[in-house]
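# A look at the structure
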Amino acid sequence: MMKFFRKYNKQLLAFFMVGLMVVFVGGSALQGLLTPETNPVVAQSKYGPITYMDQQAANAQGNLLESLGLDWRHPAGWTPKPIESIDWILLRREAEQLGVDASQASVRSALSDPEFDARLNDLSQRLRVRPEALHGALADLRSIQQAASAVAGASVPSEAELMVAARNALETVALRVVALPAQLFVDESLEFSEEEIKAHFAKYREKERGKGLNFGYYQHPALRVQYVKIDRAAISDGITLANPERKARAYFEEHRTTDREFKRPEDPAAAGKIAGPPGPPDPYLTWEEAKDTAIANLRKQTADQAAERIASWITQYTTESFLEVDRGPDGYRPAPATVARPEYYDELIAKIPSSIAFANAVSVGTTDFFSEEQVEKVPELGGTSFRPERALSQSLPFKTLAFRTQAIVPKVPTEEGTNPGDYLATFQTSPFPVTDVASGNLYVFRVIDARPGHVPESVDEVREEVVADLRLARAFGAAKARAESLRQCMSYQSLKEAYEADLELVDLKEKPGGVGSGYFEPPPFSRVPKHMASRGRPAAGVFAGMGLGNLPNETIDECFALDHAADKTKVIELVERPAVILVEWVETKPAPEDEFNSLRKKLSEELADARWREAVADWLDPKNIQARAGFVLGPG
């Protein structure tokens with residue numbers, strides 16, 4: 001080897017020198033070829049490219065602000081749509097271009113609260129970040145807020161706007177009313193010809209069903225759910241409590257002042273409602289008085305805990321079947337063949353360990369197909385919800401959990417903050433057992449089949465609905481005819497006298513649902529509730545008092561218009577209820593001048609504030625942020 005180096009030392013030296021020269025001259029090029037891209041451009045905007053590192057920095061700022069209890073996703077605090085890290089970057093650059101740039105120094109000088117300043121220092125040490133990073137995040141948030149506020153500006157409402165707002169809130173109308181709900185006139189024995197049924201079906205076949213007489217037979221997507229029912233009553237019957245009285249006594253002592261069942265009923269004598277000596281001053285029951293209740297509650301609590309253990313075992317067992325399954329392109333984990341079978345749940349409950357099982361406490365059921373609008377009517381499951389143990393956690397209704405499924409959401413959302421585990425493949429068991437509050441039963445469920453939304457091919461698919469709707473439409477016509485008849489009677493008697501003389505109408509109040517029928521004299525009402533004067537006409541209408549309930553704005557306007565009509569009575573159709581009301585105008589009271597003057601200043605401020613808030617919300621809308629910035633995803 002040494003002979004080789006001595007023989008070729010000059011050639012090797014020359015080769016080595018050439019290599020050094022190549023590295024020296026083309027080093028940067030070689031580095032570019034050999035080093036992978038570590039900071040790729042992910043998007044373009046008119047404020048310049050946005051890189052991966054920009055996003056990371058924005059996420060870091062967001063985390064710091066969240067650690068301080070600040071909601072950076074809603075910079076104004078109340079905007080309806082949250083922003084993402086991309087929007088944060090665009091807003092920050094936009095504020096800088098607008099000349100709004102809150103410095104870290106201004107943030108430090110504004111931190112006059114020693115307690116908040118101490119929190120900053122504590123957080124800085126705990127997260128091991130420099131205080132400047134926290135100040136910088138706060139400065140950027142302030143810049144975004146100030147830019148939005150400055151752009152929104154201020155708007156002073158005109159005198160005409162104030163007049164209209166005041167009139168809507170202060171001018172009232174008084175009526176006498178007879179309300180006739182159509183449902184009270186439905187004749188369940190009424191039959192229709194095949195031609196009538198088919199004609200009605202053809203008219204509304206492709207429409208979506210609305211409220212009342214807004215018929216429609218388009219069939220929304222529907223699910224079929226299989227579930228395991230865990231019966232608390234059966235568990236309670238099977239529980240054997242050792243030393244029940246001693247444990248119940250401990251339960252009573254712990255919950256005496258928090259369980260309302262241990263609170264003594266109000267003493268009418270002590271409250272001054274009846275004469276006589278007052279009862280014991282202690283507002284809570286004694287142990288002897290509460291013993292039976294305490295034992296029953298302890299048994300119920302023990303049964304709840306046992307039911308939760310069973311539900312937990314089932315969800316854990318079913319989850320394990322999916323652990324080794326990779327997510328597909330749609331984000332879902334396809335169910336293994338062993339799971340994607342109707343009998344899977346029957347086999348499952350047979351495997352429940354004997355240490356937690358109870359006789360006749362667990363069973364399997366399957367629903368019929370149901371749409372999102374029909375959930376509440378689904379037997380057993382309709383009114384259930386997942387109720388977390390943490391009091392601050394929000395409960396999740398069965399509807400929300402069931403319809404976050406592959407059949408309804410074809411691809412798992414990838415937006416920031418989305419948990420893919422919340423979306424279930426067909427035959428995948430929900431990790432959230434739902435509870436029926438009334439019975440205490442727990443249910444573990446999975447979606448096993450789905451039916452896509454579709455227009456029905458034949459009337460036979462919805463025949464019962466069509467016949468029921470025809471009967472309702474006929475009943476609505478009958479209610480309108482009776483209202484017109486009453487109106488004719490008013491030529492020689494008052495509305496109240498005409499109604500009370502029609503005993504058949506009076507008797508309707510005794511029928512199921514009859515509470516909404518009858519003669520009413522509601523208190524005068526305005527077009528807009530006074531406390532909502534600055535918000536304009538409510539989209540849902542206005543509550544007009546008992547008997548009338550909520551009336552649409554169009555109906556409210558019809559009632560006020562009777563002031564200037566020759567005939568002061570009118571039959572008004574409430575198609576969405578569905579019902580007919582016969583109204584008699586009594587009086588319209590204009591806005592009192594003193595009330596208007598006192599309301600005027602408040603209205604002016606509230607209208608200006610409402611416009612400002614609307615402008616800020618519009619400015620901070622993610623769609624508008626990206627449109628203003630010319631945002632385009634990708635390196636360009």
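Everything that follows concerns the structure shown earlier in this document.
A brief report on the enclosed structure follows. Keep in mind the model is a prediction, meaning the values are calculated, not measured. (Residues numbered from 1 in each chain as written. Predicted model: local features only at pLDDT ≥ 70, side-chain atom pairs only at ≥ 80, totals over all residues. Heavy atoms only, no water.)

This next bit is on the overall build of the protein chain. When you go through the protein chain residue by residue, the secondary structure sums to 20 helices and 17 strands. Taken as a whole, the protein chain presents about 36500 Å² of accessible surface, with 54% of it coming from carbon and sulfur. (Helix = DSSP H or I, 4+ residues; strand = E, 2+ residues; numbered from the N terminus. Areas by Shrake-Rupley, 256 points an atom, 1.4 Å probe, with all protein chains shown as cover.)

Bringing the packing of aromatic side chains into the picture now. Within a pair of aromatic rings, the relevant descriptors are the distance that separates the centres and the angle that separates the planes. Evaluation of the coordinates by the stated rule reveals eleven aromatic pairs. Residues phenylalanine 201 and tyrosine 217 carry aromatic rings whose centres are separated by 6.3 Å and whose planes lie at 35° to one another, so their mutual orientation is tilted. Highlighted residues: phenylalanine 201 in helix 9 (residues 194–204) and tyrosine 217 in the loop between helix 9 and strand 4 (222–230), separated in sequence by 16 residues. Taking the relative accessible area as the measure of exposure, phenylalanine 201 reaches 7% and is therefore buried. The exposure class of tyrosine 217 is buried, given its relative accessible area of 0%. (Phe/Tyr/Trp six-rings, centres within 6.5 Å; stacked < 30°, edge-to-face > 60°. Buried < 20%, exposed > 50% of the residue type's maximum accessible area, 1.4 Å probe, protein only.)

Put simply, the largest pocket is a space of about 940 Å³. In terms of lining residues, the largest pocket is bounded by 29 residues, among which Ser371, Glu373, Gln374, Lys377 and Glu465 are the most central. Secondary-structure elements contributing two or more residues to the lining of the largest pocket are strand 4, strand 6 (370–371) and helix 15 (463–489). Of the residues that constitute the lining of the largest pocket, the class distribution is ten nonpolar, eight polar and eleven charged. Quantified by volume, the second largest pocket comes out at close to 540 Å³. Among the elements that take part in the lining of the second largest pocket, helix 12 (residues 287–320) stands out by supplying four residues, more than any other. Here the residues of the lining of the second largest pocket are counted per class, giving seven nonpolar, three polar and six charged. (1 Å grid on protein atoms, 1.4 Å probe; cavity = no way out; pocket = protein on both sides within 12 Å on 5 of 7 lines; lining within 4 Å. Points joined across faces, edges and corners; volume = space filled by probe spheres on them. Nonpolar A, V, L, I, M, F, W, Y, C, P; charged D, E, K, R; others polar.)

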